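Working through the structure, step by step
What follows is each chain in one-letter form.
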Amino acid sequence: MAPQIQKNSGVTRGEGICFATLHGAKGLEFRHVFIVACKEALLPARFALKSAANDADKEIVTRRERNLLYVSMTRARDQVWITWTGNPSPFLQLVEPLAESVIENTAD
């Protein structure tokens, strides 16, 4: 029997894969967490920064976006994997010194 993916099915306990946004992962725990596309062009979210009226608001938005990444990373009980293409999110500079290992794939 082929695996099935159901949209908006919520989170269930047991075996399988759960796809969630950074916001959707709040309050949950998983053995392994994969954070994909954690790149400069997406995190912090450009639309969120553009909606900020001034520098103080941009700082608040940046702090919220950084906290979202942190919360998402802490959802992992055993391991967290973070991937990106191009330039990584600037937030990862804060994470790298804490990482057990960093593997960079520079293949073309």
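The structure reproduced in this document is the subject of the present report. Every value quoted in this text rests on a predicted model; they were computed, and no experiment measured them.

1. Here we look at the environment of Leu 94
Among the secondary structure elements, Leu 94 is positioned in helix α3 (residues 92-95). Among the residues examined, Leu 94 registers a relative accessible area of 54% and is labelled exposed. Taking the C-alpha atoms as reference, Leu 94 lies 9.7 Å from Arg 66; in sequence the two are 28 residues apart.

2. Considering unusual backbone geometry
The step from Leu 43 to Pro 44 runs through a cis peptide bond, and the omega angle for that step is 10°. Structurally, Pro 44 is set in the loop between β1 (30-35) and α1 (46-50). Backbone geometry at Ala 37 places phi at a positive 60°, although glycine is not the residue there. Looking at where Ala 37 falls in the secondary structure, it is placed in the loop between β1 and α1.

3. Quick word on the packing of aromatic side chains
Counted according to the given criterion, the structure contains one aromatic pair. A centroid spacing of 6.1 Å and a plane angle of 10° characterise the contact between Phe 34 and Trp 81, whose relative ring orientation is stacked. Highlighted residues: Phe 34 in strand β1 and Trp 81 in strand β2 (residues 76-82), separated in sequence by 47 residues. Look at Phe 34 and you get exposed, because its relative accessible area is 57%.

4. Overview of the environment of Asn 67
Position of Asn 67 relative to the elements: it lies in helix α2 (residues 55-73). In this structure, the C-alpha to C-alpha distance between Asn 67 and Leu 22, residues 45 residues apart in sequence, is 9.9 Å.

Cut-offs used in this document
Residues numbered from 1 in each chain as written. Predicted model: local features only at pLDDT ≥ 70, side-chain atom pairs only at ≥ 80, totals over all residues. Heavy atoms only, no water. Helix = DSSP H or I, 4+ residues; strand = E, 2+ residues; numbered from the N terminus. Buried < 20%, exposed > 50% of the residue type's maximum accessible area, 1.4 Å probe, protein only. Phe/Tyr/Trp six-rings, centres within 6.5 Å; stacked < 30°, edge-to-face > 60°.

It is worth stressing that arrangement in space is one thing and function is another; only the former is reported here.
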